[in-house]
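Examination of the molecular architecture
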Amino acid sequence: MCPAVSGGPVLSALLGTRTTAVRLLLVAATLVAWAMGHGIGLGNPMHAGIAIIMVSMIKFRFILFEFMELRGAPMAMRLVGELWVLVLAAVLVGLFVSG
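Let us look at the structure shown here. (Residues numbered from 1 in each chain as written. Predicted model: local features only at pLDDT ≥ 70, side-chain atom pairs only at ≥ 80, totals over all residues. Heavy atoms only, no water.)

Digging into the environment of alanine 51
Relative to the elements of secondary structure, alanine 51 occurs in helix 4 (residues 45-67). Residues alanine 51 and valine 93, spaced 42 residues apart in sequence, show a C-alpha to C-alpha distance of 9.4 Å. (Helix = DSSP H or I, 4+ residues; strand = E, 2+ residues; numbered from the N terminus.)

Structure representation (structure tokens):
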């Protein structure tokens, strides 16, 4: 049997990585956004929509910095990534609120 399937050292090493933690966080954020989209937690649809957009932007930032490896990039490139996330969030929320 494969050590990863049996809970051997390979599985233990994989579960303790930063990548695994970020993936689990992304799954949790997806579940939260899905729940908000189905009316769980927030009564006002406008607030729920804005919250879903913000959760999506947080997920986008994690993907950008962790999986596209912007975390280790030069400072100027990281700043462009941060600004991209902020501008996109502002534009999407603005479009959503304006109708």
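Moving on from the coordinates now.
Brief notes about unusual backbone geometry
Positive phi outside glycine occurs at glutamate 69, with the angle close to 55 degrees. Secondary-structure assignment places glutamate 69 in the loop between helix 4 and helix 5 (75-98). Judged by its relative accessible area of 62%, glutamate 69 falls in the exposed class. (Buried < 20%, exposed > 50% of the residue type's maximum accessible area, 1.4 Å probe, protein only.)

Brief notes about helix 4
Between the first and last C-alpha of helix 4 there are 32 Å, a value that for 23 residues agrees with the 33 Å anticipated at 1.5 Å per step. Listed in full, the buried residues belonging to helix 4 are Ala48, Gly49, Ile53, Val55, Met57, Leu64, Phe65 and Glu66. Of the surrounding secondary structure, the elements contacted by the buried residues of helix 4 are helix 3 (18-37) and helix 5. Where helix 4 starts, the residue carrying a side-chain oxygen 2.9 Å from the main-chain nitrogen of methionine 46 turns out to be asparagine 44. Of the residues trailing helix 4, glutamate 69 is marked for its positive phi of about 55 degrees. (Expected span 1.5 Å × (residues − 1). Contact = heavy atoms within 4.5 Å. Polar contact = N/O pair within 3.5 Å; in protein donor to acceptor, adjacent residues only side chain to side chain.)

Points about the packing of helix 4 against helix 5
Direction vectors running N to C along helix 4 and helix 5 enclose 160 degrees, while the axes themselves pass 10 Å from each other. It follows that helix 4 is roughly antiparallel to helix 5 by the angle criterion. The crossing of helix 4 and helix 5 is right-handed. From helix 4, Pro45, Met46, Gly49, Ile50, Ile53, Met54, Met57, Phe60, Arg61, Leu64 and Phe65 reach across to helix 5, where they touch Arg78, Gly81, Glu82, Trp84, Val85, Leu88, Ala89, Leu92, Val93, Phe96 and Val97. For the contact of helix 4 with helix 5, a count of residues per class yields 17 nonpolar, 2 polar and 3 charged. (Axes fitted to C-alpha atoms, helices over the stretch in contact; angles between N-to-C directions. Parallel < 35°, antiparallel > 145°, perpendicular 65-115°, else oblique. Left-handed = near helix turned anticlockwise from the far one by under 90°. Nonpolar A, V, L, I, M, F, W, Y, C, P; charged D, E, K, R; others polar.)

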